[in-house]
Amino acid sequence: MATVVRACMPLPPAAVASSSAAPSTDAQAQRRSSSSSARVLVLGGTGRVGGSTATALSKLRPDLNILIAGRNLEKGESLASKLGDESEFVQVDIRDRNMLEEVLQDVDLVVHAAGPFQRENECTVLQAAIATKTAYIDVCDDTDYSWRAKGFHEQAKDCGIPAITTAGIYPGVSNGLTSHFYQTYQSVGYATAAFVLAVLEGSTQPGVWFPEEAEGLAIESRKVLLERASQGTTIFVMNKPSWMIETDPKEVGLGIYV
Ligand SMILES: NC(=O)c1ccc[n+]([C@@H]2O[C@H](COP(=O)([O-])OP(=O)(O)OC[C@H]3O[C@@H](n4cnc5c(N)ncnc54)[C@H](OP(=O)(O)O)[C@@H]3O)[C@@H](O)[C@H]2O)c1
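Bear in mind the structure is a predicted one, so any value in this text is a computation, not a measurement.

## Considering the nonpolar core
Within soluble globular proteins, side chains that are nonpolar generally end up buried alongside one another. If you look at the biggest cluster of nonpolar residues, it comprises 69 residues, and the most contacted ones within it are Val40, Val42, Leu43, Leu109 and Val196. Looking at this core element by element, the count peaks at 11 residues for helix H9 (residues 185-200). Not counting residues up to four positions away in its chain, the partners in contact with Val42 are Gly50, Thr53, Ala54, Ile66, Leu67, Ile68, Ala69, Val111 and Ala113.

Put into structure tokens, the structure is as follows:
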């Protein structure tokens, strides 16, 4: 059975800032109801986790409009051009709340992969997502930060915003689902992309959720999430090297395989 790593007690409820929630536009609401033309902003899209998430998303769902965001224009444009016509680069500094909210106005879901999350005292991106009524996912791997994000649960619920915190390979997939993964950047990307699609497809509900919470990710949608997440992984089987599992070799005798 998988071990759920949610070790620390919750922090005291965060002093939740009063919402400056802007009404979501009709276009935003319409797009959210159908994931076919959804716009997904990947903050930290020029980094390893964000880049692999954007790549995995474009493979799983080529029709998605994927916006790569970060501060480095050169890196961002290079990745966006590799992802094709449905992708573009947006220059954003997540420390600039106004800039963030402006970009989020026209987005259905934001993936926050612009770490590090450690020693970060604010949940600026989550707050901007709530303020603009934009669905949210982060790949946080820091306990304090994840509990701070959880402190925005009621505010997200009131605004009708689904948000999943810690939706990477750990503790996201490893806590929520039972499987065996080698941790590679490719697998983080597929894991995060699988969460993005689950939210776009309506498998969650308003509030800030940990992936293992039943209300955060519908039990019946977990099988498909796992199938998607596993596309970026190597299956681990005891006493067998990975080439034997993945290539179905035939033994020609004396322990020799082709
Ligand atoms: N949950 C999981 O399974 C998991 C696994 C691995 C890593 N992580 C977490 O994921 C985070 C990212 O890891 P990584 O390896 O991808 O790091 P990375 O390669 O250094 O990428 C960091 C990204 O964040 C962007 N960024 C940093 N500060 C920014 C700012 N102020 N405004 C806008 N963008 C900013 C960077 O873009 P520019 O520099 O171009 O602006 C870059 O795209 C880490 O914090 C790590 O803790 C989670």
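From this point, the discussion proceeds with the structure in view.
## Concerning the sheet that holds strand E5 (residues 135-138)
Within the open sheet, the 7 strands sit side by side as E3-E2-E1-E4-E5-E6-E7. Their pairing is parallel. The open sheet has two edge strands, strand E3 (87-91) and strand E7 (207-209), and neither has a second partner. In this sheet, adjacent strand axes meet at a mean angle of 20° when their direction is disregarded. Seen against the sheet, helix H3 (residues 73-83) touches strand E2 (65-70) and E3 and runs at an angle of roughly 165° to E3.

## Some remarks on the site of the ligand
Close to the ligand lie 27 residues, the nearest being Gly47, Arg71, Asn72, Gly115 and Gly168. Going through the elements one at a time, helix H2 (48-60) and helix H8 (169-176) are the ones with two or more residues in the shell around the ligand. For the shell around the ligand, the per-class residue count stands at 12 nonpolar, 9 polar and 6 charged.

Cut-offs used in this document
- Residues numbered from 1 in each chain as written.
- Predicted model: local features only at pLDDT ≥ 70, side-chain atom pairs only at ≥ 80, totals over all residues.
- Core = buried A, V, L, I, M, F, W, Y, C linked by C-beta atoms within 7 Å.
- Buried ≥ 20, exposed ≤ 12 C-beta atoms within 10 Å, placed from the backbone.
- Helix = DSSP H or I, 4+ residues; strand = E, 2+ residues; numbered from the N terminus.
- Contact = placed C-beta atoms within 7 Å.
- Pairing = 2+ DSSP bridges.
- Axes fitted to C-alpha atoms, helices over the stretch in contact; angles between N-to-C directions.
- Near = placed C-beta within 6 Å.
- Nonpolar A, V, L, I, M, F, W, Y, C, P; charged D, E, K, R; others polar.

Everything listed is a geometric property; what it means functionally is a separate question.
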